[in-house]
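Overview (structure and organization)
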Amino acid sequence: MARVIHVFRQPDRFIVGTVGEPGERTFYLQATEDLRTVSVQLEKQQVSVLTERIDALLEEVQRRFDTELPAEPPAELVDSGPLEVPVEEEFRVGTMGLGWDAETEAVVVELLAATEEEVDESVVLDDTEEGPDAVRVFLSAAYARAFAERAQRVIEAGRKPCPLCSEPLDPNGHICPRQNGYRRSEEE
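A quick note: this is a predicted structure, and the numbers were derived from the prediction, not measured.

If you walk across this open sheet you meet the seven strands as β1-β7-β6-β5-β4-β3-β2, and the pairing is mixed. Strands at the two margins of the open sheet, each flanked by one partner only, are β1 (5-8) and β2 (13-19). The average undirected angle you get between the axes of adjacent strands in this sheet is 30 degrees. Lying over the sheet, helix α1 (residues 44-65) contacts β2, β3 (26-33), β4 (36-42), β5 (89-101) and β6 (106-113), oriented at roughly 15 degrees with respect to β5. Strands β2, β3, β6 and β7 (134-139) of the sheet are contacted by helix α2 (residues 141-156), whose axis makes an angle of about 5 degrees with β2.

In structure tokens:
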């Protein structure tokens, strides 16, 4: 079957969102351009890494090309709206690619479908016929900052961390390894 690459050169919207309660959330990236919306599922850790890498990429571009990029996203690009419904998952993300297109001055995010076999690095950010399905999104530096800021807010909206071990606190109770498996009583 031929590879499908969903390309969004000027997305109207590119966001991270979740479905479900904290501790049970499923993370999605959703790209919308005109009347077309594509949603892909990924792990919370993948969202966190993507956010960190976007920030690092923008810092590197600013340093290497001596370009002035926004440190904060403009208010008009901050998107706090929910995911478009219904959320119909195109695929589950396996490999992610990130790059800078100097010609258009855009951050390029590519999300490849998870596969059974190892993905050849040459298919990332490439239009080859062979390889997993992909979503490729081009973002201005300001839009990339807005995406990363929202993604960080979505990540932090989950369960609060334990003050001792930093593991997520479960609403049904938390046995903290820093207390040798004992639960703290209300009197302590």
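This part takes up α2. The terminal C-alpha atoms of α2 lie 23 Å apart, and with 16 residues this matches the ideal 22 Å at 1.5 Å per residue to within 8%. Among the 16 residues of α2, twelve are classified as buried, and the element is accordingly described as predominantly covered. Looking only at α2, the buried set comprises Ala141, Ala142, Tyr143, Ala144, Arg145, Ala146, Phe147, Ala148, Arg150, Ala151, Val154 and Ile155. The inward-facing, buried residues of α2 abut β2, β3, α1, β6 and β7.

Note that the residue after Val85, namely Pro86, is joined by a cis bond; omega there is 0 degrees. Among the structural elements, Pro86 can be located in the loop between α1 and β5. Positive phi, close to 55 degrees, is recorded for Asp34, a residue that is not glycine. Mapped onto the secondary structure, Asp34 falls in the loop between β3 and β4.

Definitions and cut-offs
Residues numbered from 1 in each chain as written. Predicted model: local features only at pLDDT ≥ 70, side-chain atom pairs only at ≥ 80, totals over all residues. Heavy atoms only, no water. Pairing = 2+ DSSP bridges. Helix = DSSP H or I, 4+ residues; strand = E, 2+ residues; numbered from the N terminus. Axes fitted to C-alpha atoms, helices over the stretch in contact; angles between N-to-C directions. Contact = heavy atoms within 4.5 Å. Expected span 1.5 Å × (residues − 1). Buried < 20%, exposed > 50% of the residue type's maximum accessible area, 1.4 Å probe, protein only.

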